[in-house]
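# Summary of the model geometry
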Amino acid sequence: MAALQFPCILFKTQKWMDDYGASDMRCGDLTEAQLKTHYHLDDVSTRANPYTLTKITPFTQPQSMFYGSRGAGEKITRQQCAAILFDEMRHLSHLFSVYGPYKHLIKHMITYMQYGNGLPFTSMYLDSALKEHILNDSSESSTLSKIKNALIENIDWTTNTYLKNKKCKLREAILDGKLPKFDRFQDNINGMGITVHDTWATHIILKSLHIANDSYRAVVHYKVQDHFGLDVKDIAKLKFNAFHFFRIWFVLQRCNTFAFKPFVTNMEATIEITGNRNDSKK
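Read on for a plain summary of the structure.

Quick notes on the rules
Residues numbered from 1 in each chain as written. Predicted model: local features only at pLDDT ≥ 70, side-chain atom pairs only at ≥ 80, totals over all residues. Heavy atoms only, no water. Helix = DSSP H or I, 4+ residues; strand = E, 2+ residues; numbered from the N terminus. Rg over C-alpha atoms; globule rule 2.2 N^0.38 Å. Buried < 20%, exposed > 50% of the residue type's maximum accessible area, 1.4 Å probe, protein only. Areas by Shrake-Rupley, 256 points an atom, 1.4 Å probe, with all protein chains shown as cover. Lys, Arg positive; Asp, Glu negative; His and termini not counted. Charge placed at Lys NZ, Arg CZ, Asp CG, Glu CD. Axes fitted to C-alpha atoms, helices over the stretch in contact; angles between N-to-C directions. Parallel < 35°, antiparallel > 145°, perpendicular 65-115°, else oblique. Left-handed = near helix turned anticlockwise from the far one by under 90°. Contact = heavy atoms within 4.5 Å. Expected span 1.5 Å × (residues − 1). Arc of directions from axis to C-beta. Polar contact = N/O pair within 3.5 Å; in protein donor to acceptor, adjacent residues only side chain to side chain.

## Digging into the overall build of the protein
- Assigned secondary structure in the protein consists of 10 helices and seven strands.
- The C-alpha atoms of the protein give a radius of gyration of 24 Å, which is well past the 19 Å a tight globule of 282 residues would have.
- Seen through its principal axes, the protein has C-alpha atoms that stretch 85 × 35 × 30 Å.
- With 282 residues in all, the protein has 48% of them scored as buried.
- As presented, the protein carries roughly 14,700 Å² of accessible surface, and 52% of it is formed by carbon and sulfur atoms.
- Positive and negative side-chain charges of the protein, numbering 35 and 28 respectively, have mean locations separated by a distance of 2 Å.

This is the structure we're talking about:
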């Protein structure tokens, strides 16, 4: 029976990489009337009105006792309005990014949406966050732990090989675990929940496997992709719709006046694991 060849793709999610047809990757497809009628996005910003292209001041806010005393707000161009809205987004991002080494990422990604024209986004900080998450996951559902156990149980220790017909055991082990996502409690305030949170597609590749003396050493590569964009299901949720941050984001992305492109975020982590034939299953 043939041995497994490397690199070997152990797992792919049903959702595929580079899916630019996904619902949260749409942009510029909604009118002002649709945004107001279907998604209740009348009050979008405290600084500028994206529909009338005017600045908002204390005198031009409807709730102000001085409302109307100075007429309509100052007219601005579409580009000026977008710049004001992006600045407000960066300011409001503090709510979701309070501490830690990744708290600056959201501002970087907002700026990337403003100027990146939809090109894929990579960052050493995202890669670091992914690797840290995988290595620090000590739960029973850790995919890395599942892979370790599956290797111990299915290696042919007599011939020091992993047989090709046992590849399915590794995939089954991964399916039995939980893929790395930034949906933990701490991700709500450390900047990873707002930048990534859930993920769109994941590939897990076994790059190499060396077996000798009742032990193995393997290199596992995770490739994860997410979308920095909002779909209509997102903005319909109270936890999104209630915040100006997400209202501005949705309008900048989906309103046909602005149509700023969302983008895919790529994260990768390469991890070396070792194990022994006599290791007990954790």
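## Looking at the packing of helix 2 (residues 78–92) against helix 3 (residues 105–115)
- It is the contact of helix 2 with helix 3, at a shortest axis distance of 9 Å, that shows an interaxial angle of 165°. The angle between helix 2 and helix 3 places the two elements in the roughly antiparallel class. The element helix 2 and its partner helix 3 pack so that their crossing is right-handed. When helix 2 is examined against helix 3, the residues Ala-83, Phe-86, Met-89 and Arg-90 are found in contact with a partner set consisting of Lys-107, Ile-110, Thr-111, Met-113 and Gln-114.

## Considering helix 4 (residues 124–136)
- Relative to the 18 Å expected for 13 residues at 1.5 Å per residue, helix 4 spans 18 Å between its end C-alpha atoms, a close match to the ideal helical length.
- Residues Leu-126, Ala-129, Leu-130, His-133 and Ile-134 constitute the buried set of helix 4. Angular distribution of buried residues about the axis of helix 4 spans 125°; they occupy a single face of the element. With respect to the buried face of helix 4, the exposed residues turned more than 90 degrees away are Met-124 and Asn-136.
- On its buried side, helix 4 packs onto helix 3, strand 4 (121–122), helix 5 (143–154), helix 7 (192–195), strand 6 (215–228) and strand 7 (263–276).
- Here helix 4 starts with a cap whose side-chain oxygen sits 3.0 Å from the backbone nitrogen of Tyr-125, and that cap is Ser-123.

## Thoughts on unusual backbone geometry
- Residue Pro-7 follows Phe-6 across a cis peptide bond; omega there is 0°.
- Relative to the assigned elements, Pro-7 resides in the segment before strand 1 (8–12).
- The phi dihedral of Asn-213 is positive, around 55°, even though this residue is not glycine.
- As for its position among the elements, Asn-213 is in the loop between strand 5 (201–212) and strand 6.
- Positioned with a positive phi, Ala-259 is a non-glycine residue whose angle comes to about 55°.

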